[in-house]
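As a plain string of letters, each chain reads:
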Amino acid sequence: MEWIADPSPGAWLRERLDQGCATMHCVVPRGFPAYARVFHPAYVRSLPGRAVPTPQEYARMPDAESAALHGDYVDETATWAETAEAFGTQLHPLVQWQRLVRTPADGDWRTRIAPDGREFTSPEEGSMPPELLAAIARHLVAHTSTPDAGFAALWEGRGGLLGHFGQTPSRTFLMFGDEPDHEQMLERSIHNPFEDAFRKPSWQPGILSEEISKGARLELPGRDHVLFSAPPRAFADPDWVLDAPWRDVEAEEHGFSPSAQHPSLIWPEDRAWVLVSEIDYDSTIVAGSADLIRVICDDPAVEALPVTENADLTWDADEVNR
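From a predicted model like this one, the values you see are computed outputs, not experimental measurements.

Peer 1: Lay out the overall build of the chain in plain terms, naming residues and giving numbers.
Peer 2: Looking only at helices and strands, the chain features eleven helices and 15 strands. Taking all 322 residues of the chain together, the buried fraction comes to 45%.

Below is the structure:
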């Protein structure tokens, strides 16, 4: 994988995207025979023999009792189908999470307790677990004539990805050991507004180099991206993160696990398909041949349903679970 200074290999996508977001085609290219919606996994927490306490119940609970609960939690991933069963709703191609979990108008849709007492947390937006991407990529590789040549586009707005001119760093790492250096922490946290106003901006490095940070972008409606060469076959390995040039090595040096931003778009050189993980979507859309969409939706390792062209995936699109 290497940075591409000239983003023109992605220009064809712009021609197939809508300017408005009335349908999914503000981020998903038109013109493919079929489309699949891959649902990112949700998360569920349970307690043996009792319901997970609500925030209000936690607030009234003695400290010793609430502390004792933490060792009893069981945390697992959950499919959207399992979530629908728990809340008595229906999974369908245009389902929206807040309707699936029966969120009231003024409620928190990200964390909801089901009637059976389990607590469901919404899926991640814009990314999926490496194992899920690998399962999808194995099908993608089998449905392109160029499995070893392709592209990955990263949305430029993820915090810390790019360097910039400013007075504050692109990233900060707060690591608390057994004996934190309180004086150093205090020094970093105190700023003099008057001095800050006259401090000359300097280059604040990001994960990517200064050359890439200042380089040209793949400009698509509403989103600008950094473009890399990326063979589709690479993503069939859950450890693709280790080879990504946008891997956050500095975070690892501070004790974090290996990580790399999930690409917003992946496509092969022959343009046989496109995988779109829009940063505001809790699901990924795959556009490609009818056969590709069929095998993805039939794979038990992938929770996916076919969607039609012009599908509406906006917040209010779920008419079934109103």
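Peer 1: Give a description of the confidence of the model for the chain that names residues and reports values.
Peer 2: Keep in mind that low pLDDT regions are not for reading the predicted coordinates in detail. Chain-level statistics for the chain give a pLDDT mean of 86 and a share of 87% at 70 or above. Throughout residues 173-182 the model reports pLDDT below 50, and contacts reaching past four residues in sequence, or to other chains, amount to nine contacts. Low confidence marks residues 184-189, where pLDDT is under 50. Its contacts with residues over four positions away, or in another chain, come to three contacts.

Peer 1: Residues and numbers for the side chain of Thr-83, please.
Peer 2: Locating Thr-83 in the fold gives a position in helix α4 (residues 80-87). Exposure remark for Thr-83: the relative accessible area of 0% places this residue in the buried category.

Peer 1: Please provide a residue-by-residue account of the packing of aromatic side chains, values included.
Peer 2: Ring pairs (aromatic) are described by centroid distance and by the angle formed between their planes. For the coordinates displayed, the defined rule picks out ten aromatic pairs. Geometrically, the ring pair formed by Phe-228 and Trp-246 is tilted, given 4.8 Å between the ring centres and 50 degrees between the ring planes. Residue Phe-228 is found in strand β11 (residues 223-229), and its partner Trp-246 is found in the loop between β11 and α10 (249-253); the two are separated by 18 residues along the sequence. For Phe-228, a relative accessible area of 0% translates into the label buried. Put simply, the rings of Phe-228, Phe-235, Trp-240 and Trp-246 touch in pairs and so form one group of aromatic residues. Looking at Arg-45, its charged tip hangs above the ring of Tyr-73, at a distance of 3.9 Å from the centre.

Peer 1: Let's hear about the sheet that holds strand β6 (residues 119-121): which residues, and what values?
Peer 2: Across the sheet, four strands lie side by side as β4-β3-β6-β5; this open sheet has antiparallel pairing. Edge strands, defined here as strands with exactly one partner in the open sheet, are β4 (74-78) and β5 (111-113). Across the sheet, the mean angle from the axis of one strand to that of its neighbour is 25 degrees, orientation sign disregarded. Across three bridges, the pairing between strand β3 (residues 42-46) and β6 is antiparallel. Residue Tyr-43 lies in a different strand from β6, and its bridge partner there is Thr-121. Strands β3, β4, β5 and β6 of the sheet are contacted by α4, whose axis makes an angle of about 110 degrees with β4.

Thresholds applied
- Residues numbered from 1 in each chain as written.
- Predicted model: local features only at pLDDT ≥ 70, side-chain atom pairs only at ≥ 80, totals over all residues.
- Heavy atoms only, no water.
- Helix = DSSP H or I, 4+ residues; strand = E, 2+ residues; numbered from the N terminus.
- Buried < 20%, exposed > 50% of the residue type's maximum accessible area, 1.4 Å probe, protein only.
- pLDDT = per-residue confidence, 0-100.
- Contact = heavy atoms within 4.5 Å.
- Phe/Tyr/Trp six-rings, centres within 6.5 Å; stacked < 30°, edge-to-face > 60°.
- Lys NZ or Arg CZ within 6 Å of the ring centre and 35° of its normal.
- Pairing = 2+ DSSP bridges.
- Axes fitted to C-alpha atoms, helices over the stretch in contact; angles between N-to-C directions.

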